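Okay, here's what each chain looks like letter by letter:
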Amino acid sequence: MKLTITITTCLVVSLVLLLSSSNIFNRHKSDFTFTAGNKTIQPSDDKLLGGLLATEFDEKSCLSRYHQPSLRRPSPYKPSKYLVAKLRSYEILHKHCGPGTKAYKRATEQLGHNDVRSFGDHECRYVVWMPMFGLENRMLSLVSVFLYALLTERVVLVDQLNDIPDLFCEPFPETSWLLPLDFPLTNQLDSFNRKHSRCYGTMLKNHAINSTTIPSHLYLDIFHDSRDHDKMFFCEGDQAFLGKVPWLVVKSNLYFVPSLWLIPSFQDELIKLFPQKDTVFHHLARYLFHPTNQVWGMITRSYNAYLSRADERLGIQIRVFSKPAGYFQHVMDQILSCTQREKLLPELATPESQVTNNTSSTSTKLKAVLVTSLHPEYSDKLQNMFLERPNWSGEIIEVYQPSGEKVQQTDKKVHDQKALAEIYLLSLTDKLVTSTRSTFGYVAQGLGGLKPWILYEPRNRIAPDPPCVRAMSMEPCFLRAPLHGCQAKTIKISPFVRYCEDWTTGLKLVDVSDEF
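Residues numbered from 1 in each chain as written. Predicted model: local features only at pLDDT ≥ 70, side-chain atom pairs only at ≥ 80, totals over all residues. Heavy atoms only, no water.

Draft legend 1. Looking closely at the packing of aromatic side chains. Counted according to the given criterion, the structure contains 24 aromatic pairs. With a centroid separation of 6.1 Å and an interplanar angle of 90 degrees, the aromatic rings of phenylalanine 172 and tryptophan 177 are classed as edge-to-face. Of the two residues examined, phenylalanine 172 and tryptophan 177, each falls in the buried class. Connected via pairs of aromatic rings, a cluster forms that spans Tyr148, Phe233, Phe234, Phe256, Phe266 and Phe478. One residue, lysine 47, lies across the ring of tyrosine 66, its end atom 5.4 Å from the ring centre. Sitting above the plane of the phenylalanine 57 ring, arginine 65 keeps its charged end 3.5 Å from the centroid. (Phe/Tyr/Trp six-rings, centres within 6.5 Å; stacked < 30°, edge-to-face > 60°. Buried < 20%, exposed > 50% of the residue type's maximum accessible area, 1.4 Å probe, protein only. Lys NZ or Arg CZ within 6 Å of the ring centre and 35° of its normal.)

Draft legend 2. Focus on the packing of helix 5 (residues 135-152) against helix 17 (residues 413-427). Contact geometry for helix 5 and helix 17: axes closest at 10 Å, N-to-C directions at 65 degrees. In this structure, helix 5 contributes Leu135, Glu136, Arg138 and Met139 to the contact, and helix 17 contributes Asp416, Ala419, Leu420 and Ile423. Broken down by class, the residue content of the contact of helix 5 with helix 17 amounts to 5 nonpolar, no polar and 3 charged. (Axes fitted to C-alpha atoms, helices over the stretch in contact; angles between N-to-C directions. Helix = DSSP H or I, 4+ residues; strand = E, 2+ residues; numbered from the N terminus. Contact = heavy atoms within 4.5 Å. Nonpolar A, V, L, I, M, F, W, Y, C, P; charged D, E, K, R; others polar.)

Draft legend 3. Structural view of the nonpolar core. Phe146 and Leu260 are the most contacted members of the largest nonpolar core, which has 123 residues in total. Setting aside residues up to four positions removed in sequence, leucine 260 forms contacts with Ser144, Leu147, Tyr148, Leu151, Phe233, Phe234, Phe266 and Leu270. The next biggest cluster of nonpolar side chains, apart from the first, holds 25 residues, and it includes Cys338, Leu344, Leu345 and Leu382. (Core = buried A, V, L, I, M, F, W, Y, C linked by side-chain atoms within 4.5 Å.)

Draft legend 4. Looking closely at the state of the cysteines. Across all of its chains, the model carries 5 disulfides by this definition. Across a sulfur-sulfur distance of 2.1 Å, cysteine 62 and cysteine 169 are joined as a disulfide pair. An S-S torsion of about 95 degrees defines the bridge between cysteine 62 and cysteine 169 as right-handed. Taken together, the residues cysteine 62 in the loop between strand 2 (39-40) and helix 2 (63-67) and cysteine 169 in the loop between helix 6 (164-167) and helix 7 (186-189) connect sequence positions 107 residues apart. Bridging cysteine 338 to cysteine 468, the disulfide has an S-S length of 2.2 Å. One disulfide, between cysteine 338 and cysteine 468, carries an S-S torsion of 95 degrees and so falls in the right-handed class. Of this pair, cysteine 338 sits in helix 14 (residues 329-341) while cysteine 468 sits in strand 14 (residues 468-470); the two residues are 130 residues apart in sequence, bridging distant segments of the chain. Considered together, cysteine 338 and cysteine 468 belong to a single accessibility category, that of buried residues. (Disulfide = S-S within 2.5 Å.)

Draft legend 5. Looking closely at the pattern of salt bridges. Per the stated rule, a full pass over the model turns up 24 salt bridges. Linking lysine 365 and glutamate 395 is a salt bridge whose minimum nitrogen-to-oxygen distance equals 3.8 Å. Here the residue lysine 365 occupies a position in the loop between helix 15 (354-360) and strand 10 (366-372), and glutamate 395 occupies one in the loop between helix 16 (377-388) and strand 11 (396-400), the gap between them amounting to 30 residues. The class for lysine 365 is partly exposed, based on a relative accessible area of 31%. Two residues, glutamate 501 and lysine 508, come together in a salt bridge whose shortest N-O distance is 3.2 Å. With a relative accessible area of 2%, lysine 508 lands in the buried category. Within the structure, one salt-bridge network assembled from shared partners comprises Glu312, Lys365, Lys367, Glu395 and Lys431. (Salt bridge = Lys/Arg side-chain N within 4 Å of Asp/Glu carboxyl O.)

Draft legend 6. Spotlight on the packing of helix 5 against helix 12 (residues 280-288). Contact pair helix 5 / helix 12: the axes reach a minimum separation of 10 Å and the direction vectors enclose 95 degrees. Comparing their axes, helix 12 and helix 5 come out roughly perpendicular. For the pair helix 5 and helix 12, contact is made by Met139, Leu140, Leu142, Val143, Phe146, Leu147 and Leu150 and by Val280, Phe281, Leu284, Ala285, Tyr287 and Leu288, respectively. When its residues are assigned to classes, the contact of helix 5 with helix 12 shows 13 nonpolar, no polar and no charged. (Parallel < 35°, antiparallel > 145°, perpendicular 65-115°, else oblique.)

Draft legend 7. Broad picture of unusual backbone geometry. Omega for the peptide link from aspartate 465 to proline 466 comes to 5 degrees, which places this bond in the cis form. Tracing the sequence through the fold places proline 466 in the loop between strand 13 (453-455) and strand 14. The phi dihedral of phenylalanine 133 falls on the positive side, at around 65 degrees, and the residue is not glycine. Here phenylalanine 133 shows up in the loop between strand 4 (126-130) and helix 5. Phi angles above zero are rare outside glycine, and glutamate 153 is one such case at about 55 degrees. Along the chain, the position of glutamate 153 falls in the loop between helix 5 and strand 5 (155-158).

In structure tokens:
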């Protein structure tokens, strides 16, 4: 009898160990329960995020929408009543003008004409967003386009030929944000570029714009290498003209929100929407982006397995700039220098002090370290360091990396789903370290409402000193902002826009009341 019990116990333990060592992202069963230590977390009373979210959705169709607060500490940043009201008004507009409505049908019929007769000819105006570059770039640009839609009373429609429906639930109740497949311009969308006859920047360059003739549609090019004529989009006079165009198609890989704040006609509305100016992405991203049930399963399984028991969670996002990329000792040195100098990780004890350290320590604090990188060697090194040697604080340090795929695989469904899961896991940490100019880190810090420590870019394969800097705000950086031209003077006198810590030609929003 004892032998039978022993054998059975060994089999069960072996099975548990086998399951726990497998890649948790690849499990098929979804587990949507949440734990912290030995306790089950009950859903937050604020599952609507201070009024950001509408109530008309079926919870089971998109579990992440109302369950995210159960994994997070409550955000200290509350949306303004004006923003909440604006979102409810937008939802009504989208329901009236969205796909399948009579208004949408009438609006698409205008696309059969080169020009529209007058501004009053259209009851609904639209901005069509095209996904460009990696997942994080898409999320940043989509938030920017949505804010532009709010400011100009347009309906935002999202091209669905990519993997958007596999990543995110519908954000607006009783309607869809997906651009219908039979949209009249569908076959032309891929051809929209700077050479296209309907590119706004090209038309300006060729003096093909006049105030008496309003095009039925225009293409806006907002990229890191856009031309000066394309950047005229951010000028007051140009916005007055663009406001009359019923259909705008936008391609962008940037978070261009800071420059929207510098357009005079938008500023009063923006201040009412966001009294705390550095909360734009935090609020709008949590409103728009709700991972599908498949992705949410990846997130919750990882959280429950590796993060929920911890007393404190530290996220470290590592981007390697060297070519070819990989593991470099100077990058590892920089990560350790930053995390230990800023008291995010404890220093390791010296060999001769190991016995004293082990016997005198009474702390049982558990700190979970979540590492995201294409290169698993960094987390392996970090894990081995804290396994092989004690640390001065006596904390238990557990290091976890969800995946390490070596190379970025843009536009591959499973890769993007894993990337989205890792972004959300990073956003669930208490403190965050990110890499310079990393859009991955920008999205995570914004979702989590975190001001990260930013690792400076190494030069000549030497760890920089200082190794990192604390971010001024949780807002992403507009990496290629139009610093010259119509907004040049405004940038210099606007206290809520500053040059980015990690890129001196970029701009980011800050809240002037914050103390850094």
